[in-house]
Amino acid sequence: MRKEDTVKLISAEGFEFVVDKKAAMVSQTIRNMLTSPGSFAETEHGEVTFPEITTTILEKICQYFYWSLQYASILYDSGKESEFHIEPELTLELMMAANYLHT
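Going by an unreviewed UniProt entry, the chain carries the name Elongin-C and comes from Escallonia rubra.

Pasting the structure below:
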């Protein structure tokens with residue numbers, strides 16, 4: 001996979017997740033950061049730092065990006081339901097991060 005096909009998402013603790021750019025674009029916020037005109041650091045370097053999102057939550061968000069790419073359109077078209085499993089102890093923090101990321 002080429003570097004320009006990936007994006008690096010960096011948690012508050014500095015842990016780096018390298019994900020497919022297509023997966024990261026599930027988030028409207030990340031899409032805006034990476035595609036905005038101008039010379040923004042995120043656009044030039046393909047890195048987005050989230051100083052308020054912990055590693056555990058960012059990992060779950062990355063899992064959701066891939067789940068969404070794989071299942072969202074299939075489930076919508078078929079009318080079937082599928083759940084993305086979220087551990088109860090992560091719910092509140094994950095909801096706040098999802099709200100910020102518009103996912």
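The discussion continues.
K.L.:
How do you make sense of the overall build of the chain when you look at a structure like this?
P.N.:
Helix and strand content of the chain: five helices and three strands. In the chain, the succession of helices and strands from N to C terminus is β-β-α-α-α-β-α-α. When the 103 residues of the chain are sorted by exposure, 32% land in the buried category. When the accessible area of the chain is evaluated, it comes to approximately 6900 Å², of which 54% is carbon and sulfur surface.

K.L.:
Even after reading the chapter, I still don't get the pairing of strand E1 (residues 6-10), so can you show me in this structure?
P.N.:
Note on strand geometry: in a regular strand, side chains alternate between the two faces of the sheet. Taken across its five residues, E1 has four buried, putting it largely inside the fold. Sheet topology note: the E1/strand E2 (residues 16-20) ladder contains five bridges and is antiparallel. When the sheet's bridge partners are listed, Leu9 is paired in E2 with Phe17. In terms of strand pairing, E1 meets strand E3 (residues 47-49) through three bridges, oriented parallel. Counted as the bridge partner of Leu9 is Val48 from E3.

K.L.:
Can you walk me through the nonpolar core in this structure?
P.N.:
One recurring pattern in soluble globular proteins is that nonpolar side chains are buried together. Judged by nonpolar contacts, the single largest core of 22 residues is most densely connected at Leu9, Ile30, Phe50, Ile53 and Ile61. Contributing elements (two or more residues each) for this core: E1, E2, helix H1 (21-24), helix H2 (28-35), helix H4 (55-78) and helix H5 (91-101). A total of five residues in this core trace back to one element, the largest contributor, which is H4. Setting aside chain neighbours within four positions, we find Phe50 in contact with Leu9, Ile10, Ser11, Ala12, Ile30, Leu58, Tyr100 and Leu101.

K.L.:
Please explain the packing of aromatic side chains as it appears in this structure.
P.N.:
The description of an aromatic ring pair uses the distance of the two centres, along with the angle that the planes make with each other. This structure, assessed with the given rule, holds six aromatic pairs. Consider the rings of Trp67 and Phe84, whose centres lie 5.7 Å apart with planes at 55°: the pair is tilted. Of the two residues, Trp67 is situated in helix H4 and Phe84 in the loop between H4 and H5; the sequence distance between them amounts to 17 residues. Residue classification places Trp67 among the buried positions, given a relative accessible area of 18%. Among the aromatic residues, those joined into a ring-pair cluster are Tyr64, Trp67, Tyr71 and Phe84.

K.L.:
Would you mind showing me how to read H5 here?
P.N.:
Helical geometry note: an α-helix holds 3.6 residues per turn, so side chains three or four residues apart project in the same direction. When we look at burial in H5, the residues that qualify are Leu94, Ala97 and Leu101. On an axial view of H5, the arc spanned by its buried residues comes to 65°, and they lie on one face. Away from its buried face, by an angle of more than 90 degrees, H5 presents the exposed residues Leu92, Met95, Met96 and Asn99.

K.L.:
Can you help me understand the pattern of salt bridges in this one?
P.N.:
Where charged atoms from two side chains of opposite charge come close, those side chains can pair. All told, the structure shown has three salt bridges when counted by the stated rule. Residue Lys8 pairs with Glu16 through a salt bridge whose shortest N-O separation is 3.4 Å. For Lys8, a relative accessible area of 22% puts it in the partly exposed group. Using a relative accessible area of 44% as the deciding quantity, one classes Glu16 as partly exposed. Glu47 is the partner of Lys8 in a salt bridge, and the nearest nitrogen-oxygen pair spans 3.6 Å. Here Glu47 lies in strand E3 and Lys8 lies in strand E1, a separation of 39 residues in the sequence. The exposure class assigned to Glu47 is partly exposed, which follows from its relative accessible area of 32%. Connected through salt bridges with shared partners, the residues Lys8, Glu16 and Glu47 form a single ionic network.

Rules used in this analysis
Residues numbered from 1 in each chain as written. Predicted model: local features only at pLDDT ≥ 70, side-chain atom pairs only at ≥ 80, totals over all residues. Heavy atoms only, no water. Helix = DSSP H or I, 4+ residues; strand = E, 2+ residues; numbered from the N terminus. Buried < 20%, exposed > 50% of the residue type's maximum accessible area, 1.4 Å probe, protein only. Areas by Shrake-Rupley, 256 points an atom, 1.4 Å probe, with all protein chains shown as cover. Pairing = 2+ DSSP bridges. Core = buried A, V, L, I, M, F, W, Y, C linked by side-chain atoms within 4.5 Å. Contact = heavy atoms within 4.5 Å. Phe/Tyr/Trp six-rings, centres within 6.5 Å; stacked < 30°, edge-to-face > 60°. Arc of directions from axis to C-beta. Salt bridge = Lys/Arg side-chain N within 4 Å of Asp/Glu carboxyl O.

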